[in-house]
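Observations on chain architecture
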Amino acid sequence: LTLGPRTRGMAFATGVGYVCSAALHDVPWPTVRWEQAALGMDFVGISAGMAGHIASWETSPWIPLLAASNTAAMAAALATAWSQRQDILTFARGPWVRSGKLQLLLLFAAQLRGMHRLSPLIFTLVGMPGAMLYFRRYGAFDAKTTGPLPVVEGIWSPHEWYHVMVLALHLAQLSEMSFVEGLSSQQMRQ
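Residues numbered from 1 in each chain as written. Predicted model: local features only at pLDDT ≥ 70, side-chain atom pairs only at ≥ 80, totals over all residues. Heavy atoms only, no water.

**Describing a nonpolar patch on the surface**
A cluster of nonpolar side chains, V152, I155, W156 and V164, forms an exposed patch at the surface whose accessible area comes to about 360 Å². Examined against the element boundaries, W156 turns out to sit in the loop between α5 (118-139) and α6 (158-189). Classification of W156 by relative accessible area gives partly exposed; the value is 32%. (Patch = residues over 30% accessible without salt bridge, like charges linked within 9 Å, V, L, I, M, F, W, Y side chains within 5 Å. Areas by Shrake-Rupley, 256 points an atom, 1.4 Å probe, with all protein chains shown as cover. Salt bridge = Lys/Arg side-chain N within 4 Å of Asp/Glu carboxyl O. Helix = DSSP H or I, 4+ residues; strand = E, 2+ residues; numbered from the N terminus. Buried < 20%, exposed > 50% of the residue type's maximum accessible area, 1.4 Å probe, protein only.)

Written as structure tokens, this is what we have:
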């Protein structure tokens, strides 16, 4: 892997999302209120991670600025809802869905412009919506069924399968960014 600045930035952005998710799922929060704050941070971390990926792919400053502004607006809305003691999951259904769709659209646009190889592009353009649909149908808190993949009660759920799917997508994105940066450095030497 070529670990140029864009690949390192993408890896950092990916890490931000994973840290925020781990803070929600792996920390035994002492009260429901603080768990609600962690849930809001998880939403913001996912959006910020996507904004970082967008910034890594884009050469224009405008799309990353829009993605960062989208994340900031969602963070402000979630912080306001939390300060007013609203249920974050219920509140986030509206803003998170709209904000998440915008981030996905911006990410897809950035990847279409930035990826050079067809197979990673197709994998991410099909895999991300597929993973999101899988999560919404089987991994969300109000899912009606556990889905087609094996589940071990209390240990491995559809939510963990979703994280495996997203990890595969992130590895493909990082590999492609490394490839793109390797091409750029070769072109600069010639």
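**Looking at the layout of surface pockets**
Any empty space left between atoms is shown by rolling a water-sized probe over those atoms. For the largest pocket, the calculated volume is near 1400 Å³. For the largest pocket, the lining is made up of 46 residues, of which F43, I46, W96, F135 and Y162 are closest to its centre. Listing elements by their share of the lining of the largest pocket, those giving two or more residues are α1 (5-25), α2 (32-57), α4 (88-114), α5 and α6. Considering each element in turn, the lining of the largest pocket owes the most residues, 10 residues, to α2. Here the lining of the largest pocket is built from residues that sort into 25 nonpolar, 16 polar and 5 charged. As a volume, the second largest pocket reaches approximately 170 Å³. Elements represented by at least two residues in the lining of the second largest pocket include exactly α1 and α6. It is α1 that provides the largest number of residues to the lining of the second largest pocket, a total of 4 residues. Residues of the lining of the second largest pocket, tallied by class, amount to 2 nonpolar, 4 polar and 2 charged. (1 Å grid on protein atoms, 1.4 Å probe; cavity = no way out; pocket = protein on both sides within 12 Å on 5 of 7 lines; lining within 4 Å. Points joined across faces, edges and corners; volume = space filled by probe spheres on them. Nonpolar A, V, L, I, M, F, W, Y, C, P; charged D, E, K, R; others polar.)

**Thoughts on the side chain of T71**
In this structure, T71 sits in helix α3 (residues 62-83). Judged by its relative accessible area of 8%, T71 is buried. Within the structure, the side chain of T71 is placed 2.7 Å from the side chain of S47, a separation counted as a polar contact. Setting aside chain neighbours within four positions, we find T71 in contact with V44, S47, A48, A51 and Q103. (Polar contact = N/O pair within 3.5 Å; in protein donor to acceptor, adjacent residues only side chain to side chain. Contact = heavy atoms within 4.5 Å.)

**Some points on the packing of α2 against α3**
Packing of α2 against α3 brings their axes to within 8 Å, and their N-to-C directions diverge by 175°. By the angle between their directions, the pair α2 and α3 is classed as roughly antiparallel. Residues R33, W34, Q36, A37, G40, F43, V44, S47, A48, A51, I54 and A55 of α2 form the contact with α3, whose participating residues are I63, P64, A67, A68, T71, M74, A75, L78, W82 and S83. For the contact of α2 with α3, the class distribution of residues is 16 nonpolar, 5 polar and 1 charged. (Axes fitted to C-alpha atoms, helices over the stretch in contact; angles between N-to-C directions. Parallel < 35°, antiparallel > 145°, perpendicular 65-115°, else oblique.)

**Describing the nonpolar core**
Counting residues in each nonpolar core, the largest one holds 22 residues, and the members touching the most others are I54 and W57. Those elements that provide at least two residues to this core are α2, α3, α4, α5 and α6. For this core, the element with the most residues is α6, which contributes 6 residues. Apart from the residues within four sequence positions on either side, W57 is in contact with R6, M10, L107, A110, Q111, G114, M115, Q173, E176, M177 and V180. (Core = buried A, V, L, I, M, F, W, Y, C linked by side-chain atoms within 4.5 Å.)

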